[in-house]
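Listed below, chain by chain, are the residues.
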Amino acid sequence: MRRILLSIMKILVSGALLYFALRKANFSDLTSRIDITSLFWIGLAIIVTFLQVFIGALRWREICADCAAPLTTTQAMRFNLIGSFFNQTLPSAIGGDAVRLWLLARTGAGWRAATYSVFVDRAVGLIALATIVVASLPWSYKLIEDPAGRSALLFVGFAALAAGVCFLILGRLPWPWLKRWWGTQHFYACSVIANRLIFSRDHGATLALLSLLIHVLAAVIAWCVARSIAAPVSLEQVLQLVPPVMLITMIPLSIAGWGIREASMGLAFGYAGLATSEGVNVSLLFGAVYFIVGAFGGLIWIFSAEKAAQGILPIAIPDDGHV
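The structure presented is a predicted model; accordingly, all values stated were derived computationally and were not measured.

Procedures and definitions
- Residues numbered from 1 in each chain as written.
- Predicted model: local features only at pLDDT ≥ 70, side-chain atom pairs only at ≥ 80, totals over all residues.
- Heavy atoms only, no water.
- Helix = DSSP H or I, 4+ residues; strand = E, 2+ residues; numbered from the N terminus.
- Expected span 1.5 Å × (residues − 1).
- Buried < 20%, exposed > 50% of the residue type's maximum accessible area, 1.4 Å probe, protein only.
- Contact = heavy atoms within 4.5 Å.
- Polar contact = N/O pair within 3.5 Å; in protein donor to acceptor, adjacent residues only side chain to side chain.
- Phe/Tyr/Trp six-rings, centres within 6.5 Å; stacked < 30°, edge-to-face > 60°.
- Lys NZ or Arg CZ within 6 Å of the ring centre and 35° of its normal.

**Q** Outline helix 8 (residues 147–170), supporting the account with residue identities and numerical values.
**A** Taking 1.5 Å per residue, 24 residues should reach 34 Å; helix 8 reaches 34 Å between its end C-alpha atoms and fits that length. When we look at burial in helix 8, the residues that qualify are Gly149, Leu153, Val156, Gly157, Ala160, Gly164, Phe167, Leu168 and Leu170. Residues of helix 8 that are buried sit in contact with helix 6 (111–135), helix 7 (137–143), helix 9 (177–180), helix 10 (185–198), helix 12 (235–249) and helix 13 (260–271). Where helix 8 begins, one side-chain oxygen reaches toward the backbone nitrogen of alanine 148, 2.8 Å away; that side chain belongs to aspartate 146.

Listed below in C-alpha cells is the structure:
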C-alpha cells in the first residue's frame, strides 16, 4: 500500500508540475518549427545519448569491480540500456537503478554487492554533478543576473555538494558502531567504497573524467534539441544551465523527472534572460530523446535472457560479505 501511495504521489507531482510548466506552452509553434533539419539534430541527440549511456556503463563497470561484482563492458551497457527503459516507465527517476541492481545480482554477484555498486555509482554521479555546478558559479553568475536565480543556484549547488561531502566523511569516521548499527552499516560501507574509488590513483582520475563526460554530454544533448527548433541559446549557455537542472531532476519525486525538469528548465532559461517557453520546449524534446533511447532498452529487455529466466535463476549471496 505504501508503494502504491508513493507511486500515486509521484504521478500527481509529475502531472501538477507539467501542468504549470506547459500551461503557457505553444505546441502549434513548437511543431511548426520541426522540419527535415530538425530530424538531423534530434538524430544526433539520440546518438549522443547512446554515447552517454555507454560512458555511464564504463563508470559503473569500474565501480562494480571494486565491489566484487565484476561486469563486462557489454553487460554493463545492456543493463544500463534496460535501466534507461525502466527509468521512463517506473514512477521514479531511480526506477532503472533498482532494475540494474536486480540484473547485476542475478549474475551471481549477490544483493549486497549489487546494491552497493548501484548506490555508489549514483553517489559518485551526484558528487561530480554538484562539483561541476559549484565550480562553474563564476561563469554562471555572468549569465544569471537575477538575484533569485543566483540564490537558487547557490542553494542547489552547495546543498548537493554538502550532502556528498557528508557522505564521504561518513566512511572516514573511526566509530565502530557505524559498522554494526543497521541504520548506518550499509551507508558506511558504501561511503568506504566511494572514498576508496574517488581518492584512488588507479580509479579516481578515470571516474572523474567519465563523470565529467556524462554531464557534458547531457548539455550537448540539450543543445542538439535546441538546435532542432532553432532556439536562440548557445552551447556555452546550455553548458551552464543544464547541470543545475539535472541536479534538481535527480530528486525522485516524479516519473522519469517529467514535470520537475520542465519547470526547472523553464525557470533556468528565464533567470538567464531567455524565453521561459524555449526552456520548456528544449526540456520536452530532451525528455523525448531519452524516451526513444529508453524504448531501445525496452526492446533489449523484451528479448533478453534475463527476462526469459526471471524467477528461475537463483541469486547467490557471497558468504564472506566482501564489498
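There is more to say, and it comes next.
**Q** Hey, could you go over the environment of alanine 160 for me, with residue numbers and the actual values?
**A** Within the secondary structure, alanine 160 sits in helix 8. Spatially, the C-alpha atoms of alanine 160 and valine 134 are 9.5 Å apart, while their sequence positions differ by 26 residues. Each residue touching alanine 160, except ones within four places of it in the same chain, is listed here: Leu126, Ala130 and Leu247.

**Q** Tell me about the packing of aromatic side chains, residues and numbers included.
**A** A complete count under the given rule lists 13 aromatic pairs for this structure. A ring pair is formed by tryptophan 102 and tryptophan 301, whose centres lie 6.2 Å apart and whose planes are at 75°; its orientation type is edge-to-face. Pair noted here: tryptophan 102 is in helix 5 (residues 95–109) and tryptophan 301 is in helix 14 (residues 276–302), with a separation of 199 residues, a long-range link. In this structure tryptophan 301 comes out as buried when scored by relative accessible area, which is 11%. Taken together, Phe85, Phe86, Trp102 and Trp301 form an aromatic cluster joined through their ring pairs. Positioned above the aromatic ring of tryptophan 60, the side-chain terminus of arginine 100 is 4.6 Å from the ring centre.

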